[in-house]
Amino acid sequence: MTKIHEMLNEQFNFEIESAYLYKAMETYVDQKGMKGFAHFFNVQAQEEMFHAQKFYDFMMSIDASPKYTGIPEPQAEFGNFKDTFAAALEHEKEVTRRIKEIYKAAVAEEDLDTPEFLHWFLDEQREEEETFRDIVERLERIGENWGGLYIFDGQLAQRPAQG
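Remember, it's a predicted structure, so these values are computed and weren't measured experimentally. Numbering of residues starts from 1 in each chain and follows the order in which that chain's sequence is written. The predicted origin of the model limits local features to residues at a pLDDT of at least 70 and limits the giving and counting of side-chain atom pairs to 80 or more, whereas totals for whole chains, interfaces and linings rest on all residues. Water and hydrogen atoms play no part in the side-chain values, which are based on all heavy atoms of the structure.

1. Thoughts on the overall build of the chain
The cut-off we apply is this: Secondary structure follows DSSP: runs of H or I at least 4 residues long count as helices, runs of E at least 2 residues long count as strands, and numbering of each begins at the N terminus. Think of it in three bands: residues with accessible area under 20% of the maximum for their type are buried, residues over 50% are exposed, and the middle band is partly exposed, with areas taken using a 1.4 Å probe on protein chains only. The Shrake-Rupley method, run with a 1.4 Å probe, gives the accessible areas here. Residue values count only the displayed protein chains as cover. For the charge count, each Lys or Arg is scored as positive and each Asp or Glu as negative, with His and the chain ends excluded. Every charge is mapped to an atom, namely NZ of Lys, CZ of Arg, CG of Asp or CD of Glu.
Helix and strand counts for the chain come out as 5 helices and 0 strands. For the chain, the N- to C-terminal ordering of α and β elements is α-α-α-α-α. The dimensions of the chain, computed from C-alpha atoms along their principal axes, are 55 × 25 × 25 Å. Counting all 163 residues of the chain, 45% fall into the buried class. As presented, the chain carries roughly 8,700 Å² of accessible surface, and 49% of it is formed by carbon and sulfur atoms. Charge centroids of the chain, computed over 17 positive and 33 negative side chains, lie 4 Å from each other.

This is the structure in structure tokens:
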């Protein structure tokens, strides 16, 4: 397995780990009665599995069979709702950092296929970070006001499902 293939495989597994984290966040907010927030994280987990599938398909197309690794147990407590979404934003920043590292390594090795493949992910990560930044900002403004939280919960419940 080449260095780039190893990095792609790590990211493939990290996308699955991301889905696992978002499922834990879904459970956390659902236990607090926030069905819209839970729906948002469920859709986010679906997106991460879609991303993992894209890595899987790309790796198979370049004859670099994915290898599954263990998934660390995610935390179960995330603090208040703003803290939960802020943790998700930090996670997305880590995803972005990792994808950029793969991109840079592929360019350095004159691998033309991988950077082309990763362009979609760079665009996607800009969107992901913007979405979470906007949610964190709204939750900062709402604070712990349950009226505002319930309204926002209803808005996040409208997020279209993946697919």
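From this point on, the discussion continues.
2. A short note on the packing of helix α4 (residues 113–142) against helix α5 (residues 146–156)
Formally: Convention adopted: a line fitted to C-alpha atoms gives each axis, helices being fitted over their contacting stretch, and angles between N-to-C directions are expressed from 0 to 180 degrees. Each angle receives one of four descriptions, namely roughly parallel if under 35 degrees, roughly antiparallel if over 145, roughly perpendicular if within 65 to 115, and oblique otherwise. Note on convention: near helix rotated counterclockwise from far helix by under a right angle means a left-handed crossing. Clockwise means right-handed. Contacts are residue-level and defined by heavy atoms, with any inter-residue pair within 4.5 Å sufficient. Note on residue categories: nonpolar means Ala, Val, Leu, Ile, Met, Phe, Trp, Tyr, Cys or Pro, charged means Asp, Glu, Lys or Arg, and polar means any other residue, Gly included.
Axis separation between α4 and α5 bottoms out at 10 Å; the angle between their running directions is 155°. Regarding the angle of α4 to α5, the classification is roughly antiparallel. Like other packed secondary-structure pairs, α4 and α5 cross with a definite hand, here right-handed. Within the contact between the two elements, α4 uses Ile 135, Arg 138, Leu 139 and Ile 142 and α5 uses Gly 148, Leu 149, Phe 152, Gln 155 and Leu 156. Within the contact of α4 with α5, the residues separate by chemical class into 6 nonpolar, 2 polar and 1 charged.

3. Some details on α4
We count it as follows: The span expected for a helix works out to 1.5 Å for each residue beyond the first. Two axes enter the definition of the bend at a residue: one is fitted to the seven residues ending there, the other to the seven starting there, and the bend is the angle between them.
With 30 residues, α4 extends 45 Å between its outermost C-alpha atoms, agreeing within 8% with the 44 Å of an ideal straight helix rising 1.5 Å per residue. A maximum bend of about 30° is found in α4 at His 119. Immediately beyond the C-terminal end of α4, within one or two residues, lies Gly 143, with a positive phi of roughly 65°.

4. Examining α5
Defined as follows: The directions from the helix axis to the C-beta atoms are what the arc is built from.
Considered for burial, the residues of α5 that qualify are Gly 148, Leu 149, Phe 152, Asp 153 and Leu 156. Relative to the axis of α5, the buried residues are bounded by an arc of 140° and lie together on one face.

5. Re the environment of Trp 146
On the secondary structure map, Trp 146 appears in helix α5. A relative accessible area of 40% places Trp 146 in the partly exposed class. Not counting chain neighbours up to four residues away, the residues in contact with Trp 146 comprise Met 34 and Phe 81.

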